[in-house]
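Structure assessment
One letter stands for each residue in the lines below.
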Amino acid sequence: MTSDPAAPDIRPTLSVIVPTYREAANVPMLFARLQATLAGLPWEMIVVDDDSPDGTANVAFEIARRDPRLRCLRRVNRSGLAGAVIEGWLASSADFVAVIDGDLQHDEAILPQMYAALAERRGDLSIGTRVADPKTAAGLSPARQKLSNLGAWFFRRVAGAAVSDPMSGFFMLRRETVTQLAPRLSPEGFKILVDVVLSSGGRLKTVEVPYVFRPRQAGESKLSPLVGIDFLGLVVHHATGGLLPIRFVLFALIGAIGLLVHLLVLTGLIERLGPQDFDDAQIAATIAAMASNFLLNNELTYRAYRYRGLGMVGGFALFALLCSVGAIANYNIAAWLFQRQSVWWVAGLAGALIGVVWNYAASNTFVWRRRRVG
Ligand SMILES: Nc1nc2c(ncn2[C@@H]2O[C@H](COP(=O)(O)OP(=O)(O)O)[C@@H](O)[C@H]2O)c(=O)[nH]1
Ligand SMILES: [Mg+2]
């Protein structure tokens, strides 16, 4: 036990959830900063770690042995950012729950303001909004700022909610709100705030607290800017009343990009080689499309289970093999349907649908199994 008067077993009013993957160096620093910022409020920090190879969970448990304000959920054979946050929220018994990145990029000093907005019932959802530093104008890079503005504009259109930084991973809500929303949230995503707002049907009154986004100090980023596409997946998922899982939406979206790659490569080769080499051009285009599908799915849809380095060769071979089975099924079903009712586009569409569902199921089950590498 520490001598800090806030430490004795008072039920926490606020649980701050920290999803971590390889953040061993940052966890003790974040805990110390929360102690300074949240002094006077019964709070706890819940680290949800996906079995990081750098021993993040052990670092957290080491602190937890001395101070009950830190708890750690260690997950094995399960990974993914949104799922970790949801599990952390559901492990809390506090009145308010927050989420903050474990890499010190979010400014924890605004937590009391975020808390006050909810406690004083000025809103249901407090969001930490990233803004540029007024002194140095540093913060998000111009490209990221543009992307972020575009995201906010699009979000306003689809969600009808004016949130200036919907991609923010730093926010707070009442635990009862989370309990109501939890069954509708997707554990596969990255942008959990988008999911929360869309799942609530835009009913949550939001309060924004600006802060300057800091550069990462220790460790490295695990998310590429590409994960912003998961935003589209979430929108389609909600537009279909939750029927299509976001992972499937991403998979199908990437499949559509693959089709584009196929047609581009085919056109390019035929223009160069001439139509007599159609068969070779078609094979090359198919391989290029498969490679594009594999790389994008590896980077995005199955990010938590992705192949790296040489492992990618084996992963790609397996993916290509299983997709070939999908292509054969697609071809045969379309041909059979065309014979029976001769509407070409119905037959083609049905074949393609069977193909994408097969490829998705096979990818989930065999290619990106529940495994975690590096
Ligand atoms: N539990 C868990 N945390 C993750 C996972 N991927 C990323 N994180 C954490 O999520 C937070 C944001 O990730 P980060 O790599 O900083 O993303 P960036 O700020 O967009 O570059 C950090 O605290 C990461 O440690 C994951 O698969 N599982
Ligand atoms: Mg970060």
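Each chain has its residues counted from 1, running along the sequence as written. Labels follow written order: the first chain is A, the first ligand is 1, and so on. Residue-level local features of this predicted model are given only where pLDDT is at least 70; pairs of side-chain atoms are given and counted only at 80 or more, and the full residue set underlies all totals for whole chains, interfaces and linings. Note that the side-chain values use all heavy atoms of the structure and ignore hydrogens as well as water.

Segmenting the protein chain into domains produces domain 1 (14-239) and domain 2 (246-367). Domain delimitation in this document rests on an assignment produced automatically or drawn from a domain database. A separation of 35 Å is found between the C-alpha centroids of domain 1 and domain 2. Contacts are residue-level and defined by heavy atoms, with any inter-residue pair within 4.5 Å sufficient. On the side of domain 2, 13 residues touch domain 1, which itself brings 19 residues to the contact. In total, domain 1 and domain 2 occlude about 1,300 Å² of area from one another, counting both sides; carbon and sulfur atoms represent 69% of this. Broken down residue by residue, the surface that domain 1 buries against domain 2 is led by S79, E188 and L226, which jointly contribute 34%. Any carboxyl oxygen of Asp or Glu that lies within 4 Å of a side-chain nitrogen of Lys or Arg is treated as forming a salt bridge with it. The interface formed by domain 1 and domain 2 holds zero salt bridges in total. Accessible area that two parts lose when put together, with a 1.4 Å probe and added across both, is what the buried area reports.

Once that is clear, we can look at the site of ligand 1. In this text, near means that some heavy atom of the residue lies within 4 Å of the molecule or strand in question. With respect to spatial proximity, 19 residues lie near ligand 1, and among them E23, D50, D103, S221 and K222 are the closest. Definition of a polar contact: a pair of N or O atoms within 3.5 Å, with one able to donate and the other able to accept a hydrogen when the atoms are protein atoms, and with sequence-neighbouring residues admitted only if both atoms are side-chain atoms. Taking P19, its main chain carries an N or O atom lying 2.9 Å from an oxygen atom of ligand 1. The protein chains hide 94% of the 570 Å² of surface that ligand 1 would expose on its own. Put simply, DSSP marks the helices as runs of H or I at least four residues long and the strands as runs of E at least two long, and each gets a number from the N terminus on. Secondary structure elements with two or more residues in the shell around ligand 1: β1 (14-20) and α3 (81-90). Its residues placed into classes, the shell around ligand 1 shows six nonpolar, five polar and eight charged. To be clear on the numbers: accessible area is Shrake-Rupley with a 1.4 Å probe, and residue cover counts the displayed protein chains and nothing else. For this scheme, ten residues count as nonpolar: Ala, Val, Leu, Ile, Met, Phe, Trp, Tyr, Cys and Pro. Four count as charged, namely Asp, Glu, Lys and Arg, and the remainder, Gly too, count as polar.

Binding of the magnesium ion (ligand 2) to the protein goes through D103 (OD) and Q105 (OE1), at separations of 1.9 to 2.0 Å. Per residue, the accessibility class of D103 equals that of Q105, and both read buried. The rule for donors is simple: N, O or S, within 2.8 Å of the metal, or within 3.2 Å if the metal is Na, K or Ca. Water isn't counted, so a site may look like it is missing partners. Summary of the burial criterion: residues with accessible area below 20% of their type's maximum are buried, those above 50% are exposed, and those between are partly exposed, where the area comes from a 1.4 Å probe applied to protein chains only.

For the rest of this paragraph, the subject is unusual backbone geometry. Of note, R22 is a non-glycine position whose phi angle comes to about 55°, a positive value. Relative to the elements of secondary structure, R22 occurs in the loop between β1 and α1 (27-37). The backbone phi angle of N77 is positive, close to 55°, even though this residue is not glycine. The residue N77 is located in the loop between β3 (70-74) and α3 in this model.

A strand pair is defined by DSSP finding two or more bridges across the two strands. Within the open sheet, the seven strands sit side by side as β3-β2-β1-β4-β6-β5-β7. Their pairing is mixed. Each end of this open sheet is capped by a strand with a single partner; those strands are β3 and β7 (206-212). Taking each pair of neighbouring strands and ignoring which way they run, the sheet shows an average axis angle of 20°. The sheet contact formed by strand β4 (residues 96-99) and strand β6 (residues 171-174) spans four bridges and is antiparallel. Among the inter-strand pairings, V99 is bridged to a residue of β6, identified as F171. Axes here refer to lines fitted to C-alpha atoms; in helices the fit is confined to the stretch in contact. Angles between the N-to-C directions go from 0 to 180 degrees. Where helix α2 (residues 56-64) meets the sheet, it contacts β1, β2 (43-49) and β3, and its direction lies at approximately 150° from that of β3.

Time to look at the packing of aromatic side chains. Centre distance within 6.5 Å is the pairing criterion for rings of Phe, Tyr and Trp, where only the six-membered ring of Trp is used; planes under 30 degrees apart are then read as stacked, over 60 as edge-to-face, and the remainder as tilted. The full count for this structure, using the stated rule, is 15 aromatic pairs. Residues F31 and W43 carry aromatic rings whose centres are separated by 5.5 Å and whose planes lie at 50° to one another, so their mutual orientation is tilted. With F31 in helix α1 and W43 in strand β2, the pair connects residues that are twelve residues apart, well separated along the chain. There is no split in this pair, since F31 and W43 are both buried. Relative to F171, the ring of W89 lies with its centre 5.9 Å away and its plane at 70°, an arrangement referred to as edge-to-face. Separated by 82 residues along the polypeptide, W89 in helix α3 and F171 in strand β6 bring together distant segments of the chain. For W89, a relative accessible area of 1% gives the class buried.

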